[in-house]
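Here are the chains, one letter per residue:
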There are 2 protein chains.
Amino acid sequence: MRSAAPPSRSERDRLVRKLESIGDVSADEKTAINELPMQVRTLADGEDIAVEGERPSQCCLILTGFVCRYKLLPEGRRQIFSFHTPGDFPDLQSLHLKTMDHSVATLAESRLGFIEHTYMRELIRCFPDLGSLLWRDTLIDAAIFREWMVGIGRRTAHQRIAHLLCEMALRFEAVGLTHDHNYQFPITQAEMGDALGLTVVHVNRILRSLREEQLAISNRTSVRILDWEGLKGLGEFDPTYLHQTKGTSP
Amino acid sequence: MRSAAPPSRSERDRLVRKLESIGDVSADEKTAINELPMQVRTLADGEDIAVEGERPSQCCLILTGFVCRYKLLPEGRRQIFSFHTPGDFPDLQSLHLKTMDHSVATLAESRLGFIEHTYMRELIRCFPDLGSLLWRDTLIDAAIFREWMVGIGRRTAHQRIAHLLCEMALRFEAVGLTHDHNYQFPITQAEMGDALGLTVVHVNRILRSLREEQLAISNRTSVRILDWEGLKGLGEFDPTYLHQTKGTSP
DNA sequence: CGCAATATTGACCATCATCAATTGGCGTGG
DNA sequence: CCACGCCAATTGATGATGGTCAATATTGCG
């Protein structure tokens, strides 16, 4: 873990863009966000940002890279709860839940901005509407958890994977990180399995079938969606739960 | 749906008690809570409180009874996301997410207090700490979703059911609705299956085996835990995720 | 008493897990 | 520059958890 250059303009903008994708942000609020003091660090792929049981004193903003939240279980089992893109605060909840009940880690080399809770509280105190928007953000997090529960509980493996590829397409779109249904999605098949309650072997077979059916092609680094409507139909994907206020069809 | 008597003292107290189980509440805040204007209605078992797609203008506080949140899927599939006990606001998120992305319904005859969003906002504006506590409450909701994801994704059917029985024991305990590991839990086996991603048939078999192994006995209306430690061990139950600030071992 | 919803049980089956082996990609060091 | 090593991807064979279908028993209630 090493210190690094301050966030660039485009890195800062990603947070604003993310927030604008789920609500309104005033000019004053933008200014305040851009003045948030943060300590930037670069973490390599696979490093923990926070670990279950810890009591963090800072929030972490993703500037570049890719992050997940997860919990480990006995016998090497793992459940991944969420994926996070630049502009996200993957551990925003630590503002109000002192003890981490799960862990947060990078899935790719990432630049992260660490912001003291005190600054976040100050920001929210001065800009209650921004506080509401951050609350809203954590509520959308929860909505995504629910949608994943639906998938894991009631959808087939094919549907779960199709659904995930659709969700990530819209979420990357919201922060300007897609190009024509293609996006960088640097996860292994094992990680995808741990997110969807499947084994690596099964994930592998299903990705093959999606490829053979010309729905989507993916590898370790990226996803290319060939048939958006087909994938959406297969995965029963309805983006309402993302509560995006801007357009939702990339 | 009919109007009903105003909330009794003990019904009002349940909300305070619930909030106190997850954080501190000042005397002023208690007073303000007790003065919240609410319209009380009694709903029968199985009635919807809010439906996916709606845009509610009120929050719903459970005074007595039992409520769940769920989503329906094609071909009659259903996923239940959460169960809610007296003192809970099952749709608190509607304060910041205008459109319901899922439905809320009673699982038993229930007395509900409906509170206009405007009053809730006013309350939060006047008592920011109470606002934080409500935010915290929705974050605990999300923590429970995550824990359910772990269960559905990575635990066996036996473990999932054991885990659920443990969780509900602690949550009822927090609002004073357990007696020596026994509590009212008025759900059908079908509903339990829809919460855990299982079929009725399988739930039935597992409840039988829990009974045979002398871990817990349950029926349509209530649960009796015979071997708390055994059940906890089987379900890998660790109550950290409930973020209860008071005792957590009934 | 009789319906309707729920619980229960049996027989059979499918999705997905497990186990095991092989291949492919890629960075590192000799 | 190539061999080695490591991790991820891939594929095959086999098996088990849990699903499906269907019939019967219970229970609650009007």
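For the structure, check the block above.
Scope of this entry: the structure provided in the associated data block.

What counts, and where the lines are drawn
- Here the residue index of a chain counts from 1 through its sequence in written order.
- Just so you know, chain letters begin at A and ligand numbers begin at 1, following the order they were written in.
- Given that this is a predicted model, residues contribute local features only at a pLDDT of at least 70 and side-chain atom pairs are listed and counted only at 80 or more, while totals for whole chains, interfaces and linings are drawn from all residues.
- A molecule or strand has a residue near it when that residue's C-beta atom, placed from backbone coordinates, lies within 6 Å of it.
- Put simply, DSSP H or I for four residues or longer makes a helix, DSSP E for two residues or longer makes a strand, and each gets a number counted from the N terminus.
- Three residue categories are used. Nonpolar comprises Ala, Val, Leu, Ile, Met, Phe, Trp, Tyr, Cys and Pro, charged comprises Asp, Glu, Lys and Arg, and polar comprises the others, including Gly.
- Note on contacts: each residue gets a C-beta atom placed from the backbone, and two residues are in contact if those atoms are within 7 Å.
- Our exposure labels follow a C-beta count within 10 Å of each residue's own C-beta, placed from the backbone: buried means 20 or more other C-beta atoms, exposed means 12 or fewer, and partly exposed covers the counts in between.
- When DSSP finds two or more bridges between two strands, those strands count as paired.
- Helix axes are fitted only over the stretch in contact, all axes being lines through C-alpha atoms; the angle between N-to-C directions runs from 0 to 180 degrees.

### Regarding the protein's contact with DNA strand D
As a matter of local geometry, DNA strand D sits amid 16 residues, with A:Thr188, A:Gln189, B:Thr156, B:Ala157 and B:His202 nearest to it. Taken together, the elements giving at least two residues each to the surface near DNA strand D come down to helix H6 (189-196) and helix H7 (200-212) of chain A together with helix H7 (200-212) of chain B. For the surface near DNA strand D, the element with the highest residue contribution is H7(A), accounting for 6 residues. Tallied by class, residues from the surface near DNA strand D come to 7 nonpolar, 6 polar and 3 charged.

### As for the protein's contact with DNA strand C
The local shell around DNA strand C holds 17 residues, among which A:Ala157, A:Thr199, A:His202, B:Thr188 and B:Gln189 are the closest. When residues of the surface near DNA strand C are traced back to their parent elements, those giving at least two are H7 of chain A together with helix H6 (189-196) and H7 of chain B. It is H7(B) that contributes the most residues to the surface near DNA strand C, 6 residues altogether. By residue class, the composition of the surface near DNA strand C is 7 nonpolar, 7 polar and 3 charged.

### Quick notes on the interface of chain B and chain A
With 33 residues of chain B in contact, the opposing surface of chain A contributes 33 residues. The set of elements that each furnish at least two residues to the side of chain B that touches chain A consists of strand S6 (78-84) and helix H4 (128-154) of chain B. Here the side of chain B that touches chain A gets 16 residues from one element, more than from any other, and that element is H4(B). In the side of chain B that touches chain A, the residues fall into 14 nonpolar, 11 polar and 8 charged.

### Some remarks on the environment of A:Arg111
Residue and element names in this part refer to chain A. When you line up the elements, Arg111 lands in strand S8 (residues 110-116). A count of 19 C-beta atoms within 10 Å places Arg111 in the partly exposed class. The sequence separation of Arg111 and Thr42 amounts to 69 residues, and the corresponding C-alpha distance is 4.4 Å. Discounting chain neighbours no more than four positions away, the residues touching Arg111 are Ala4, Val40, Thr42, Leu63, Thr64 and Gly65.

### Side note on the sheet that holds S6(B)
All names here are of chain B. Judged by pairing direction, the sheet is antiparallel, and its 4 strands sit side by side in the order S3-S7-S5-S6 without closing on themselves. The sheet terminates laterally at strand S3 (48-50) and S6, the two strands that pair on one side only. Each adjacent strand pair in this sheet contributes to an overall mean axis angle of 35°, direction not counted. Direction of pairing for S3 relative to strand S7 (residues 103-106): antiparallel, over a ladder of 2 bridges. In the strand pairing of S7, Asp48 is matched with Ala105.

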